[in-house]
Amino acid sequence: MSLHVLNHPVAGHILSLLRDENTGSAQFRNLSRQVTSLLVMEATRDLPTEPVEIKTPLETTQCRKLAVTVVVVAIVRAGMSMVDTIVDLLPSVAVGFIGMERDEETAEAHSYYCKLPPLKNRRVLVVDPMLATGGSAEQVIRMVYDQGATDVYFLNIVAAPEGVKVLRDKFPNLIIYTASLDRELNDKKYILPGLGDFGDRLYGT
Ligand code: PRP
Ligand code: URA
């Protein structure tokens, strides 16, 4: 498994606002989209391309277009915040959804919904802004590999070392892009310093 942490002043600035408890839902949604666009540009840097001839208003020129279908798999609910940005950026993209919810007492995640497009021979971007114990991401990434995916990336905004360790131990070929590797989990399995409950802040619940 390889872990890439965005080390970018703009990402740091966006994170400072996402973490701020005074940031309301509308701004929080905007900031989530902004940091997602930074993550997706990094995680697609090595996508295969093929030549294409384009006629500009002045002459014909050789350009390159993407030569692979990308699939986004959103871990619902909070992962929904990252989908639209990726769909806007990538022309041929398929989208899957897996609903996961952590038990409020035990923090154990269970799946309540799953709808996936074909995953074989495609770049699969699993998206969830929060990686805490790793329980939700582990189950989803397992399902994705079980469906035949081999080229799997996990895009995340805030990660805890505990969750990273779980994914590292289970998935040797997984590639993670995150905007921040935070310090630790608290006794309720929330990330510190973190930003609180992402889904609640996103949807004002
Ligand atoms: C949050 C978050 C992740 C999960 C991370 O979801 O969006 O999916 O917790 O925690 P873990 O690494 O310990 O599994 P939550 O269960 O709160 O559901 P929500 O997205 O509907 O708010
Ligand atoms: N899920 C969140 O939304 N926040 C955390 O800190 C941990 C899990």
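So, how was this worked out
Residues numbered from 1 in each chain as written. Chains lettered and ligands numbered in written order. Predicted model: local features only at pLDDT ≥ 70, side-chain atom pairs only at ≥ 80, totals over all residues. Heavy atoms only, no water. Core = buried A, V, L, I, M, F, W, Y, C linked by side-chain atoms within 4.5 Å. Buried < 20%, exposed > 50% of the residue type's maximum accessible area, 1.4 Å probe, protein only. Helix = DSSP H or I, 4+ residues; strand = E, 2+ residues; numbered from the N terminus. Contact = heavy atoms within 4.5 Å. Near = heavy atom within 4 Å. Polar contact = N/O pair within 3.5 Å; in protein donor to acceptor, adjacent residues only side chain to side chain. Areas by Shrake-Rupley, 256 points an atom, 1.4 Å probe, with all protein chains shown as cover. Nonpolar A, V, L, I, M, F, W, Y, C, P; charged D, E, K, R; others polar. Salt bridge = Lys/Arg side-chain N within 4 Å of Asp/Glu carboxyl O. Arc of directions from axis to C-beta. Phe/Tyr/Trp six-rings, centres within 6.5 Å; stacked < 30°, edge-to-face > 60°. Lys NZ or Arg CZ within 6 Å of the ring centre and 35° of its normal.

**Concerning the nonpolar core**
Consideration 1: Ranked by internal contacts, the top residues of the largest apolar core, which has 37 residues, are Leu 18, Ile 86, Leu 125, Leu 155, Ile 157 and Phe 198.
Consideration 2: Looking at this core, the elements that each hand over two or more residues are α1 (9-19), α2 (25-43), β4 (70-76), α3 (80-89), β7 (123-127), β9 (151-159), β10 (175-181) and α6 (198-203).
Consideration 3: Per-element tally for this core: the top contributor is α2, with six residues.
Consideration 4: In contact with Ile 86, not counting residues within four places along its chain, are Thr 36, Val 40, Val 72, Leu 125, Val 127 and Leu 155.
Consideration 5: Membership of the second largest hydrophobic core comes to 25 residues, among which are Ile 75, Leu 131, Ile 141 and Leu 174.

**Some remarks on the site of ligand 2**
Consideration 1: Ligand 2 sits among Arg 102, Met 130, Ala 132, Lys 189, Tyr 190, Ile 191, Gly 196, Asp 197 and Phe 198.
Consideration 2: Taking Phe 198, its main chain carries an N or O atom lying 2.8 Å from an oxygen atom of ligand 2.
Consideration 3: Within the complex, the protein chains bury 88% of what would otherwise be the 240 Å² of accessible surface of ligand 2.

**Points about the site of ligand 1**
Consideration 1: Contacts to ligand 1 come from 15 residues, most closely from Arg 102, Asp 128, Thr 133, Gly 134 and Ser 136.
Consideration 2: Within the side chain of Arg 77, a nitrogen or oxygen atom sits 2.9 Å from an oxygen atom of ligand 1.
Consideration 3: Contact distances for ligand 1 include 2.9 Å between an oxygen atom and a backbone N or O atom of Ala 132.
Consideration 4: Of all elements in the fold, only β5 (93-102), β8 (130-131) and α4 (135-146) reach the threshold of two or more residues within the shell around ligand 1.
Consideration 5: Counting residues per element, the shell around ligand 1 draws most heavily on β5, at three residues.
Consideration 6: Within the shell around ligand 1, the residues separate by chemical class into five nonpolar, five polar and five charged.

**Observations regarding the side chain of Thr 85**
Consideration 1: Within the secondary structure, Thr 85 sits in helix α3.
Consideration 2: Residues in contact with Thr 85, not counting those within four places in the same chain, are Arg 33, Thr 36 and Ser 37.

**Here we look at the pattern of salt bridges**
Consideration 1: Here the structure, examined in full by the defined rule, presents nine salt bridges.
Consideration 2: Residue Arg 45 pairs with Glu 42 through a salt bridge whose shortest N-O separation is 3.0 Å.
Consideration 3: Assessed through its relative accessible area of 63%, Arg 45 is described here as exposed.
Consideration 4: Arg 77 serves as the salt-bridge partner of Asp 200, at 3.1 Å between the closest nitrogen and oxygen. On the criterion of sequence distance, the pair formed by Asp 200 in helix α6 and Arg 77 in the loop between β4 and α3 is long-range, its members being 123 residues apart.
Consideration 5: For Asp 200, a relative accessible area of 29% translates into the label partly exposed.
Consideration 6: Within this structure, Asp 46, Arg 123 and Asp 151 form a network of salt bridges that share partners.

**Structural notes on helix α5 (residues 161-170)**
An α-helix turns once every 3.6 residues. As a result, residues three or four positions apart point the same way.
Consideration 1: Buried residues of α5: Gly 163, Val 164 and Leu 167, and no others. Buried residues of α5, viewed axially, fall in a sector of 100°; they line one side.
Consideration 2: Buried residues in α5 make contact with β1 (2-5), β8, α4, β9 and β10.

**Here's the deal with the packing of aromatic side chains**
Consideration 1: Enumeration according to the criterion identifies three aromatic pairs in this entry.
Consideration 2: Both rings, one in Phe 28 and one in Phe 198, keep their centres 4.8 Å apart while their planes meet at 65°; by these two values the pair is edge-to-face. With Phe 28 in helix α2 and Phe 198 in helix α6, this residue pair connects regions lying 170 residues apart in the sequence. The exposure classification of Phe 28 matches that of Phe 198, with both residues buried.
Consideration 3: Residues Tyr 153 and Tyr 177 carry aromatic rings whose centres are separated by 6.2 Å and whose planes lie at 5° to one another, so their mutual orientation is stacked. Of this pair, Tyr 153 sits in strand β9 while Tyr 177 sits in strand β10; the two residues are 24 residues apart in sequence, bridging distant segments of the chain. The burial state of Tyr 153 is the same as that of Tyr 177; both residues are buried.
Consideration 4: Residue placement shows Arg 102 over the ring face of Tyr 190; its charged tip is 5.4 Å from the ring centre.

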